[in-house]
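# Observations on chain architecture
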Amino acid sequence: MAVSMRDLDSAFQGAGQKAGLEIWRIENFHPVPAPKSSHGNFFMGDSYVILKTTALKSGSLCHDIHYWLGKDTSQDEAGAAAIKTVELDAALGGRAVQYREVQGHETEKFLSYFKPCIIPQKGGVASGFKHPEAEEHQTCLFVCTGKHVVHVNEVPFARSSLNHDDIFILDTKSKIFQFNGSNSSIQERAKALEVVQYIKDTYHDGKCEVAAVEDGKLMADAEAGEFWGFFGGFAPLPRKTASDEDKTDVSLSTKLFCVEKGQAEPVEADSLTREFLDTNKCYILDCGAEVFVWMGRNTPLDERKSASGAAEELVRAVERPKSRVVRVIEGFETVMFRSKFESWPQTTVVTVSEDGRGKVAALLRRQGVNVKGLLKTAPAKEEPQPYIDVTGNLQVWSVNGQEKVLIPASDQSKFYSGGCYIFQYSYPGEDREEYLIGTWFGKKSVEEERTSAISLAGKMVESLKFLVAQARIYEENEPIQFFSIFQSFIVFKGGHSSGYKNYIEENELPEETYKEEGIALFRVQGSGPDNMQALQVEPVASSLNSSYCYILHNDSSVLTWTGNLTTSEDQELMERQLDLIKPNIQSKPQKEGSEAEQFWDLLGGKSEYPSQKLAREGESDPHLFSCIFSKGNLKVSEIYNFTQDDLMTEDIFILDSHSGIFVWVGQLVDSKRKLQALTIGEKFLEHDFLLEKLSSETPIYIVMEGSEPPFFTRFFTWDSAKSLMQGNSFQRKLAIVKHGGAPLLDKPKRRTPVSHGGRSSVPDKSQRSRSMSFSPDRVRVRGRSPAFSALAANFENPSARNLSTPPPVVRKVYPRSVSPDSAKLASKSAAIAALTTTFEQPPPARQVIMPRSVKASLEAPKSTPESNSKENSMSSRIESLTIQEDVKEDEAEDEEGLPIYPYERLKVISSDPATEIDVTKRETYLSAVEFRERFGMAKDAFYKLPKWKQNKLKMALQLF
């Protein structure tokens with residue numbers, strides 16, 4: 001499309017450069033910018049152009065243009081708004097979706113910009129009306145319709161306006177009444193209360209009373225009596241009659257028109273396909289309630305204006321219902337438009353890409369306009385975060401037929417591709433223990449055991465009264481939350497379950513279950529020690545990839561292979577996984593391009609293999625849907641610009657983030673519908689409502705109201721107090737409106753959540769490793785030495801430890817080598833152990849001098865005279881230890897429960913290495929002073945760095 005400066009109105013220069021809302025009012029057929037203070041205020045006699053700019057996760061800017069027509073606006077003004085909308089789209093590069101909005105019939109997307117509602121005012125500029133000036137408050141009656149967004153229209157202040165189906169708001173000088181028709185839903189009543197709050201704040205400065213009146217309550221109720229008093233007393237209400245404006249759902253057959261010289265000519269077609277649309281023409285698709293204008297990429301601006309004019313004439317026809325007009329550009333069609341065609345290619349090649357926007361940007365730059373926002377911005381690269389506390393307790397069961405078998409802690413991260421597994425993860429919430437129960441299905445698992453796994457997991461959820469989050473996960477589609485919970489994850493071929501074995505035998509398939517003495521090839525992947533995986537692949541050369549590291553072994557040899565595109569971090573992960581797959585065996589390193597013959601022999605010879613990393617489904621901008629599931633059919637409706645307030649406790653909602661599907665279930669949903677949550681998620685993937693071509697194996701989460709995990713709440717500005725309120729949606733919002741925004745809770749409000757990044761900072765509870773065996777009931781001491789830690793452990797409550805957490809694993813120092821001074825270390829450890837064993841019987845509490853940071857009451861056992869002398873001796877030795885610990889305490893900057901070691905003992909290669917430490921976090925054992933000297937910054941500043949920067953600094957200091 002050719003663009004010239006004469007086509008661009010000066011009022012649109014610089015528009016759409018940053019996310020937000022911009023509004024212009026049409027005055028004398030020209031757009032005039034409206035100040036932000038007036039956004040949401042529309043006059044019935046005017047026409048407006050509204051631009052909504054959204055910053056997408058990809059880094060680009062998305063535009064939606066609406067032109068709003070008041071019911072009293074002139075036809076010329078309406079035409080000017082339509083034409084100016086096309087011009088604005090041209091100024092933005094010809095990509096925006098354009099919507100025609102008529103007062104009282106606005107799209108839900110448009111109304112979502114002005115939550116909770118818009119209330120058009122009488123008056124206008126070009127229409128000849130004068131805007132009403134401030135005057136004495138007048139009593140008004142409004143009707144509210146809508147379950148997710150509210151259409152508000154003023155109706156005559158008379159009893160005849162009321163009915164049993166809708167909700168009405170009576171705005172008087174001193175009190176606002178909400179009248180709930182007996183046939184209205186709880187959700188509609190709750191949404192209408194948001195309008196009451198808006199009227200209260202906007203027109204009464206928040207200083208007036210609010211009353212809710214139920215249809216059917218007579219004069220006996222004081223507030224009902226007061227309400228009916230404004231109408232001259234109670235009288236039966238008439239039935240609601242459908243007006244012409246209400247008839248928007250009239251069923252009309254879909255028709256396609258081609259616009260030629262401003263005239264719409266019918267296109268004869270038995271079925272609609274993408275091939276009917278020519279890039280050099282404009283088309284009108286008439287669907288009855290909605291009319292689409294499709295504009296080919298190569299059409300000139302004048303033709304687009306003509307097509308828009310033809311659509312305006314079509315919807316103004318007397319015999320047709322009220323219709324919305326949506327204009328789309330080739331290559332940027334909406335989901336709704338594409339869904340009208342029987343076949344639509346997943347991607348349509350658009351040759352112009354940034355061309356249109358670039359030309360406009362060049363023209364405006366010569367005018368001295370800042371055009372930075374017109375060009376696509378580079379996507380922000382950010383490391384995926386698990387958004388879950390990774391310090392919790394994990395239990396895993398394998399499914400064997402109809403039963404589940406608990407897996408020992410040492411093997412709970414080793415899965416088989418032919419198996420099904422159930423995991424239960426409990427972690428510290430904001431005010432209680434939170435649970436995530438999930439199922440994992442291997443690619444070769446059998447359907448019977450998948451069904452059994454879902455049933456067994458359902459019983460676990462039911463035993464916890466549904467106050468848990470649930471997950472259904474398939475192999476090769478695992479989300480980062482799953483990997484972060486397991487930390488190190490290995491998938492072997494085959495399986496040992498009865499269902500898998502029976503399937504292999506019945507179908508006479510070859511047995512491929514992993515054997516330690518056989519030939520096996522593993523691909524290693526991940527982002528760090530707390531998120532690493534080893535996946536067994538076919539032991540052939542075509543399974544290799546230059547972007548990964550591999551482990552290859554047979555019964556006697558282990559070889560490691562590093563691709564040319566791998567990093568030192570990738571190689572470190574391979575070494576760590578090697579410790580788990582083939583410990584205590586020396587490996588033979590192989591670098592891509594210089595492999596030994598033995599390597600290729602084990603793989604059956606050389607062959608071609610890829611070099612690019614395997615693509616995984618990324619996260620896109622989330623979409624929220626309300627859903628109705630009945631008789632196996634799922635109907636959904638998208639909620640635009642959603643907030644937490646859109647989640648109604650009586651309903652089920654679906655949040656689609658592309659990388660996962662969340663099914664949110666309200667507290668007041670009946671038990672039968674709660675059990676259908678997983679089926680609803682599966683149906684959503686099956687129908688593909690957003691035409692995303694998502695896999696049926698996309699992760700599905702079931703989220704119960706009041707137990708929302710942080711990886712769900714991150715999509716909202718979340719207030720935990722709202723999900724803990726009592727009553728239905730209407731009762732909750734009525735309590736907020738009447739109590740000035742103070743919600744009524746059924747338990748205390750949760751604490752503000754902390755960051756849920758990695759395990760980089762020990763002080764942050766969300767980042768402690770489970771290997772620390774942290775328990776909130778354990779006594780924690782800052783800056784303990786190994787001897788004192790062993791001593792204090794004897795005074796702590798042994799039952800405080802959660803038995804589902806595996807004991808700390810003593811990791812080997814990387815690289816795997818034996819220190820020449822290991823004998824000295826062994827003797828030191830033995831001496832410490834000997835020292836602590838002498839204190840097995842606790843001395844009298846009055847004689848034990850504990851550090852200031854340890855606050856625990858100990859019962860003094862009865863002692864004999866013979867033991868007193870020993871206890872006095874032990875007490876003095878404890879006291880000397882305590883004094884030393886108090887001195888060291890000042891050096892241990894916020895490191896709870898960790899000993900302090902000198903730098904020379906913490907290095908990867910050390911003559912006297914520190915033992916029984918977490919080798920992935922050596923830096924945490926440095927004192928605050930030495931940490932600053934080595935890293936040149938404080939610990940808090942260090943842990944705010946990206947993970948890769950942390951690792952580079954640690955490697956430079958031989959701590960990684």
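This is a predicted model, so every value here is computed, not measured.

Once that is clear, we can look at the overall build of the chain. Helix and strand counts for the chain come out as 24 helices and 32 strands. Burial status across the chain gives 51% buried among its 960 residues. Taking the intrachain contacts of the chain between residues at least 6 apart in sequence as the baseline, contacts between residues at least 24 apart amount to 68%.

What follows deals with the sheet that holds strand β9 (residues 175-180). Strand order in this open sheet of 5 strands is β7-β6-β8-β9-β10, and the pairing throughout is mixed. Each having just a single partner strand, β7 (151-155) and β10 (209-214) make up the two edges of the open sheet. When strand polarity is set aside, the average angle formed by the axes of neighbouring strands in this sheet is 25°. Its contacts with the sheet put helix α4 (residues 222-229) on β8 (167-171), β9 and β10, and the angle it makes with β9 is roughly 100°.

Now for the side chain of Arg523. Structurally, Arg523 can be placed in strand β23 (residues 520-528). Despite being buried, Arg523 has no salt bridge partner; Glu476 is the closest side chain of opposite charge, sitting 5.8 Å away. Side-chain polar atoms of Arg523 contact the side chain of Gln525, separated by 3.3 Å. Excluding its chain neighbours within four sequence positions, the residues that come into contact with Arg523 are Gln533, Ala534, Leu535, Val537, Tyr548, Cys549, Tyr550 and Leu614.

Looking now at the packing of helix α3 (residues 186-203) against helix α17 (residues 729-738). Contact pair α3 / α17: the axes reach a minimum separation of 8 Å and the direction vectors enclose 15°. Classified by the angle between their axes, α3 and α17 sit roughly parallel to one another. At the point where α3 passes α17, the crossing takes the left-handed sense. Contacts from Ile186, Arg189, Ala190, Lys191, Leu193, Glu194, Val196, Gln197 and Lys200 in α3 reach Ser729, Phe730, Lys733, Leu734 and Val737 in α17.

All right, on to the packing of aromatic side chains then. Two aromatic rings are characterised by how far apart their centres lie and by the angle between their planes. This model, assessed by the stated rule, comprises 64 aromatic pairs. Between Phe662 and Phe712, the ring centres sit 5.6 Å apart and the planes meet at 50°, which makes this aromatic pair tilted. Of this pair, Phe662 sits in strand β31 (residues 661-665) while Phe712 is found in helix α15 (residues 710-713), placing the two residues 50 residues apart along the sequence. Both residues of the pair, Phe662 and Phe712, belong to the buried class. Between Tyr901 and Tyr925, the ring centres sit 6.2 Å apart and the planes meet at 55°, which makes this aromatic pair tilted. Within this pair, whereas Tyr901 is found in the loop between α20 (865-889) and α21 (903-906), its partner Tyr925 is found in the loop between α21 and α22 (928-935), the two being separated by 24 residues in sequence. An aromatic cluster is present here, built from Phe157, Phe177, Phe179, Phe227, Trp228, Phe230, Phe231 and Phe234 joined pairwise through their rings. A cation over a ring is seen here: Lys404 above Trp397, with NZ or CZ 5.7 Å from the ring centre. The ring of Tyr548 carries Lys613 above its face, with NZ or CZ at 5.6 Å from the centroid.

Turning next to a negative patch on the surface. A surface patch of like charges, here negative, comprises Glu447, Glu448, Glu505, Glu506 and Glu511. Those elements giving two or more residues to the negative patch turn out to be α8 (447-463) and α10 (498-506). For Glu506, the position within the fold is in helix α10.

Checked against the element boundaries, Glu705 lands in the loop between β32 (700-704) and α15. Among the polar contacts listed, one links the side chain of Glu705 to the backbone nitrogen of Gln667, at a separation of 2.7 Å. Apart from the residues lying within four places of it in its own chain, the contact partners of Glu705 are Thr649, Trp664, Val665, Gly666, Gln667, Ser723 and Arg732.

So, about the pairing of strand β6 (residues 140-145). Burial of β6 is extensive: 5 of the 6 residues sit out of reach of the surface. The pairing of β6 with β8 spans 5 bridges and is antiparallel. From the neighbouring strand, Val143 faces β8, where its bridge partner is Phe168. Sheet analysis places β6 next to β7, joined by 5 bridges and oriented antiparallel. Paired with Leu141 across the bridge in β7 is Val155. Connecting β6 to the antiparallel partner β7 that follows it, the hairpin turn spans 5 residues, and Gly146 within it adopts a positive phi of roughly 125°.

In this model α3 runs 26 Å from its N-terminal to its C-terminal C-alpha over 18 residues, within 8% of the 26 Å that 1.5 Å per residue would give. For α3, the complete set of buried residues consists of Gln187, Arg189, Ala190, Lys191, Ala192, Leu193, Glu194, Val195, Val196, Tyr198, Ile199 and Lys200. The positive-phi residue at the C-terminal boundary of α3 is Asp205, with phi of around 55°.

Here helix α1 (residues 75-91) crosses helix α5 (residues 301-315) at 145°, and the two axes come no closer than 10 Å. As for the relative orientation of α1 and α5, their crossing is right-handed in sense. Of α5, the residues touching α1 (which contributes Ala82, Ile83, Val86, Glu87, Asp89 and Ala90) are Leu301, Arg304, Lys305, Ser308 and Glu312. Of the residues assigned to the contact of α1 with α5, the class counts are 5 nonpolar, 1 polar and 5 charged.

A word on the confidence of the model for the chain. Averaged over every residue, the pLDDT of the chain is 80; residues scoring 70 or more account for 76%. In the predicted structure, residues 373-380 sits below a pLDDT of 50 and forms 24 contacts with residues beyond four places in sequence or in another chain. In this model residues 747-896 is a low-confidence stretch, pLDDT under 50, and it forms 234 contacts with partners more than four residues away in sequence or in other chains.

Read across the open sheet, the 10 strands follow the order β2-β1-β3-β4-β5-β15-β14-β13-β11-β12; overall the sheet is mixed. Of all strands in the sheet, those bounded by a partner on one side alone are β2 (30-33) and β12 (263-266). On average, each strand axis in the sheet is tilted by 25° relative to the strand beside it, whichever way the strands run. As paired elements, strand β11 (residues 255-260) and β12 share 4 bridges and run antiparallel to each other. Bridge pairing in β12 places Val259 opposite Ala264. In the packing of α5 onto the sheet, the strands contacted are β4 (61-69), β5 (97-102), β11, β13 (282-286), β14 (290-295) and β15 (324-329), and the crossing angle to β13 comes to about 20°.

Right, let's talk about the nonpolar core for a bit. Across soluble globular proteins, nonpolar side chains show a tendency to be buried alongside one another. With 54 residues, the main nonpolar core has Leu436, Phe482, Phe486 and Phe522 as its most contacted residues. Setting aside residues no more than four positions away along its own chain, Leu436 makes contact with Ile388, Phe423, Gln424, Tyr425, Ala469, Gln470, Ala471, Ile485 and Phe711. Phe142, Ile167, Ile169 and Leu193 belong to the second-largest nonpolar core, a separate cluster that totals 22 residues.

Another aspect to go through is the pairing of strand β26 (residues 558-562). Of all the 5 residues making up β26, 5 are buried; the element is thus mostly covered by neighbouring parts of the structure. Here strand β25 (residues 549-553) runs beside β26; their pairing, made up of 5 bridges, is antiparallel. Bridged to Ile551 within β26 is Thr560. Two successive antiparallel strands, β25 and β26, enclose a turn made up of 4 residues. Sheet topology note: the β26/strand β27 (residues 588-591) ladder contains 4 bridges and is parallel. Each bridged residue has a counterpart across the sheet, and for Thr562 the counterpart in β27 is Lys591. With helix α11 (residues 568-581) bridging β26 and the parallel β27, this β-α-β connection has right-handed handedness.

The rules behind each value
- Residues numbered from 1 in each chain as written.
- Predicted model: local features only at pLDDT ≥ 70, side-chain atom pairs only at ≥ 80, totals over all residues.
- Heavy atoms only, no water.
- Helix = DSSP H or I, 4+ residues; strand = E, 2+ residues; numbered from the N terminus.
- Buried < 20%, exposed > 50% of the residue type's maximum accessible area, 1.4 Å probe, protein only.
- Contact = heavy atoms within 4.5 Å.
- Pairing = 2+ DSSP bridges.
- Axes fitted to C-alpha atoms, helices over the stretch in contact; angles between N-to-C directions.
- Lys, Arg positive; Asp, Glu negative; His and termini not counted.
- Salt bridge = Lys/Arg side-chain N within 4 Å of Asp/Glu carboxyl O.
- Polar contact = N/O pair within 3.5 Å; in protein donor to acceptor, adjacent residues only side chain to side chain.
- Parallel < 35°, antiparallel > 145°, perpendicular 65-115°, else oblique.
- Left-handed = near helix turned anticlockwise from the far one by under 90°.
- Phe/Tyr/Trp six-rings, centres within 6.5 Å; stacked < 30°, edge-to-face > 60°.
- Lys NZ or Arg CZ within 6 Å of the ring centre and 35° of its normal.
- Patch = residues over 30% accessible without salt bridge, like charges linked within 9 Å, V, L, I, M, F, W, Y side chains within 5 Å.
- Areas by Shrake-Rupley, 256 points an atom, 1.4 Å probe, with all protein chains shown as cover.
- Charge placed at Lys NZ, Arg CZ, Asp CG, Glu CD.
- Expected span 1.5 Å × (residues − 1).
- Nonpolar A, V, L, I, M, F, W, Y, C, P; charged D, E, K, R; others polar.
- pLDDT = per-residue confidence, 0-100.
- Core = buried A, V, L, I, M, F, W, Y, C linked by side-chain atoms within 4.5 Å.
- Right-handed = clockwise from strand over helix to strand, strands pointing away.

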